[in-house]
Each structure stands twice: as C-alpha cells, then as structure tokens.
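Chain and residue survey
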Amino acid sequence: MRILVVGGGGREHALAWSLSRHGHRVWCAPGNAGTPGNIPIAADDLAGLVRLAREGHIELVVVGPEAPLVAGLVDALTAAGIAAFGPSAACAALEGSKAFSKDAMARWGVATAASVTVTSIEDGLAALDRFDVAPVVKASGLAAGKGVIVPDDRAGAEAALRLMFIERAFGSAADEVVLEQRLIGREVSVLAVCSGTEYRLLVPAQDHKRLGDGDAGPNTGGMGAFAPAPSLGGDLLATVGDRAIAPILHGMVDRGTPYVGVLYAGLMLTDAGPLVLEYNCRLGDPEAQVILPLLADDPAELFLAAVRGTLSGLTLSWTPGAAATVVMAAAGYPDAPRPGDLISGLAEAEAAGCHVFHAGTAESPQGPRTAGGRVLAVTGVGADLDAAVARAYAGVEAIAFAGAQFRHDIGRTIPEAT
Ligand code: AMP
Ligand code: GLY
C-alpha cells in the first residue's frame, strides 16, 4: 500500500519503519533525518496534507501527533474520500480538552480523580479550599505536554493558577483550568486500537516521564519506555480495558461520534483501584517505539480494519520477549534544547542490533544534527526486559553528540508518583 505518515517525531519514525518492514511504500510529512520519503509539509497544514494524499494516490494516512487530530485532519481526509487512521476532531477532544475529558469520564462512569474546572483566577483560588492536599493544576487545552503542574503546597497551586490565568504562560490552552485531586501510586499507560465499540488492547508500555535518573528533575515528553509493563499483568490489563476504554467507546457511539484510532488511557494504580488521569487520542511517544517493534502483525492491516469497522475479526500477535527504548535528548532539554550538534555512531548502534528511531534530527552535509528536544529513541528488543535494556544501552553507548542527555535507569527503576 501507499501510506502517508503525518508527523516528524520518534513515534512517526517507528510507524514508518514498522510499515516499511511489511512491504508498504511509506512517505512522511514532514518526517525527520531518519524517516523515508520525506515531504516538506507541516503536520498542521491540513489543506496541504489532503492535497498531498490525493495527488500522491495515498491509500492510507496514519496521523501521529495530537495537534492535527484535534484540528480535524482526519475529518478533512475522510471528507476527501481518503482512508485515515485516527480519531475525528469530535473524538480527539478527549485529549484536546481536559475539561471535556473529565466531563466524559463523569458522564460515562470512568473512575478518575475528583476535580473541578474553573475559568477564572478568582474561581480557581476559591476552589482550592475544596481540596485537603494542594491539587494538580492542569491547563485544559493542548500545551505540548507542559500544561500540568503538580504543586507541593497551596502557595504552589496559587502560583500555578497565576501562571495560567494572569501570566497566560499557556495562552488560550488555559482558558479553562482543571484542578484535580493529587493521587499517589504507580502510573501506567493502556493503549487500544478502537473502532466504534470494538477495541484491541496493545501490549502495555511504561513510560519514564522525568528527565533524570531515579525520577528526578522536571517532567518531559518521556525519556524512555519499556514493554510489556509488569504492573499490568494478570487480569489487570483486561479490567482496565473494560473500565477505562469500553465506556468511552460506548459513550462516543451514543453521542453519534464513534471513536476510530488509538485511545490511550493514562492511569494511576491507587489503593482504590486504577484511576484515569488523562486520555490521549494517539500512540504515545516513546511508547510507540517499544510497542511497534513487538507487534508481529502488519500495522497497516490493523489500522485499516479499524477504519473499515472490521476489527472484530482480528487477533493481534506479539513477538515474545520485551522491548526497551532510551531517549537521547539535546543539551538544554526540556527548557531550551540546543540545535545543530553533529550526531555520530548511528550505524554502530544499528550494528549492535538496535533500532535507532530519529525524532529531533535534521540532515546536514556532515550528517544528521540535533534539531529538537528529544533527538533519538534507541530501542532494543530481547528475550526479556534485562536483555532488551542491555541492547538499548549498547546502542546508546555507540552514539555521541555534544551535550547528549539520557537516563541510565530505563526499565530498571519503575516510576511511582508520590
Ligand atoms: P497528564 O497530562 O494529565 O497525564 O499529567 C501529566 C503528569 O502529571 C502525569 O503523567 C502525572 O505524572 C502527573 N499527574 C497528573 N495528574 C495527577 C494527579 N491527579 N495526581 C498526581 N499526579 C498527576
Ligand atoms: N509518553 C507520553 C505521551 O505520549 O503522551
């Protein structure tokens, strides 16, 4: 098939790699220095992408990032008669608006942390009285993974409200702000490929969100991941599917906007059971870089079955063993990543048996250079988690660029929120 992957991060390189491996012809818009068939059209240029898909006789478009999904790229492609895998804008609002998402959870009976949505600093400050412990403060709209503040005390919560409503640090993404009860427990992600009320759970992956070893430092887009996640063993994965995925799918069908695409539930495993922290409307990054290498099937078959509504006839097969990915980030990440550093050792890492997925990279006459925050995701697959981790780090050791930052404990410490 002729397939277009929209986006230019590590997730999109993993998608393009996985689709190419099954014999498809793959283009990426805009892609990065590692992706095949790059076409310089930005992921938010909806009209340009529809034109590209039509003129390029594309048979399937796979949309990676949330912003074009929330903006309605899949609606525009579908209206043009092009098969596109990803939710409509009406469904992507589950990620695009945390206020909508909390409302959906309450209406359709998904267990989640207590919360209140406010639209002014005055209401926000007043609402703080309702929480025993300072609540988590969340900009409702898309903020590139940075719109959630976990304050230590009431003063910190007040400062977060001022940052959102007065300093407008997140712009209109913080026109609505969700204050949410702070939870304690282990964080896990459950991802499902969905079509109407049918869904197939993907192998559960665990992300490492903090910048530093031992979960120190600021939150990031994700510094590494591994799969399968042992904390979702036994019946827990299926239970989470029943309680966190299925009710949303039924609700969306009842509302007349069936969900097609990946639904990603971010959960906290608390003493009171699994509670949903957030929904994402897409594959995780870097979760995709460990899930896709373990998928034995052709992802295009899976995505097309979702688009066509034929998921019920499909079972997924997974490569036995485990996968781990270590993100290598640029100097200055996450605040001010430095571009332009020359990257060496990519071929050596591949020779060590790794899959090196590019994210923030750009070609230069001397070779690829850093061009973003998260630069590479180095994935190892092995017979078990230890073997996968060892292989990923063998790849990381082979790669060098000035100021490279990476964690040394991916797959070795299991993140836990406190
Ligand atoms: P979100 O984008 O809503 O998943 O939030 C980003 C990160 O903030 C999560 O991955 C958690 O680490 C943390 N977080 C969000 N909500 C809560 C909560 N209610 N209690 C504790 N930590 C949270
Ligand atoms: N790794 C977290 C995310 O993709 O949102």
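Computed from a prediction, not measured in an experiment: that's the story for all the values here.

1. Remarks on the environment of Ala216
Here Ala216 shows up in strand β13 (residues 216–219). Residue class for Ala216 comes out partly exposed when judged on its relative accessible area of 38%.

2. A closer look at the site of ligand 2
Taken together, the neighbourhood of ligand 2 is formed by Asp207, Lys209, Gly221, Tyr264, Asn280, Arg282, Gly284, Asp285, Pro286 and Glu287. Here a nitrogen atom of ligand 2 sits 2.8 Å away from a polar atom, N or O, in the side chain of Asp207. In this structure, Glu287 approaches ligand 2 through a side-chain N or O atom, which is 2.9 Å from a nitrogen atom. Along the lines of polarity and charge, the residues of the shell around ligand 2 split into two nonpolar, three polar and five charged.

3. What to know about helix α13 (residues 385–398)
Here α13 spans 20 Å end to end across 14 residues, near enough to the 20 Å set by a 1.5 Å rise per residue. Within the sequence span of α13, burial applies to Ala388, Val389, Ala392, Tyr393, Gly395 and Val396. With its buried residues spanning 155° around the axis, α13 presents them on a single face. Opposite its buried face, α13 presents the exposed residues Asp386 and Glu397, each directed more than 90 degrees away. Buried residues along α13 sit against β17 (322–329), α12 (346–351) and β21 (374–382).

4. Quick look at the sheet that holds strand β14 (residues 224–227)
The strand order β11-β14-β17-β21-β18 describes an open sheet built from five strands, whose pairing is antiparallel. With one partner strand each, in any of the chains shown, β11 (206–207) and β18 (355–358) form the two edges of the open sheet. Across eight bridges, the pairing between β17 and β21 is antiparallel. Within β21, the position partnered with Ala324 by the bridge is Gly380.

5. Here we look at the packing of helix α5 (residues 89–96) against helix α6 (residues 98–108)
In contact at an axis separation of 6 Å, α5 and α6 are set at 100° when each is read in the N-to-C sense. Taken together, the axes of α5 and α6 lie roughly perpendicular to each other. Mapping the contact onto sequence places Ala90, Ala93, Leu94 and Gly96 in α5 and Lys98, Phe100, Ser101 and Ala104 in α6. A per-class count over the contact of α5 with α6 returns five nonpolar, two polar and one charged.

6. Here's the deal with the site of ligand 1
Glu180, Gln181, Leu183, Glu187 and Glu278 are the nearest of the 13 residues found near ligand 1. Gln181 is positioned with one of its backbone polar atoms (N or O) 2.9 Å from a nitrogen atom of ligand 1. In the model, an oxygen atom of ligand 1 is placed 2.5 Å from a nitrogen or oxygen of the Glu187 side chain. For ligand 1, whose free accessible area comes to 470 Å², the fraction covered by protein is 90%. Looking at the shell around ligand 1, the elements with two or more residues in it are β6 (136–139) and β16 (273–280). Tallied by class, residues from the shell around ligand 1 come to five nonpolar, one polar and seven charged.

7. Observations regarding unusual backbone geometry
Glycine aside, the phi torsion of most residues is negative, and most peptide linkages are trans. Residue Pro30 is bonded to the preceding Ala29 through a cis peptide linkage, with omega at -5°. Position of Pro30 relative to the elements: it lies in strand β2 (residues 25–30). With an omega of -5°, the peptide bond running from Ala227 to Pro228 counts as cis. Mapped onto the secondary structure, Pro228 falls in the loop between β14 and α9 (236–254). Residue His57 is not a glycine yet carries a positive backbone phi of 50°. With relative accessibility at 58%, the residue His57 sits in the exposed group. Even without being glycine, Asp215 reaches a positive phi, approximately 60°.

What counts, and where the lines are drawn
Residues numbered from 1 in each chain as written. Chains lettered and ligands numbered in written order. Predicted model: local features only at pLDDT ≥ 70, side-chain atom pairs only at ≥ 80, totals over all residues. Heavy atoms only, no water. Helix = DSSP H or I, 4+ residues; strand = E, 2+ residues; numbered from the N terminus. Buried < 20%, exposed > 50% of the residue type's maximum accessible area, 1.4 Å probe, protein only. Near = heavy atom within 4 Å. Polar contact = N/O pair within 3.5 Å; in protein donor to acceptor, adjacent residues only side chain to side chain. Nonpolar A, V, L, I, M, F, W, Y, C, P; charged D, E, K, R; others polar. Expected span 1.5 Å × (residues − 1). Arc of directions from axis to C-beta. Contact = heavy atoms within 4.5 Å. Pairing = 2+ DSSP bridges. Axes fitted to C-alpha atoms, helices over the stretch in contact; angles between N-to-C directions. Parallel < 35°, antiparallel > 145°, perpendicular 65-115°, else oblique. Areas by Shrake-Rupley, 256 points an atom, 1.4 Å probe, with all protein chains shown as cover.

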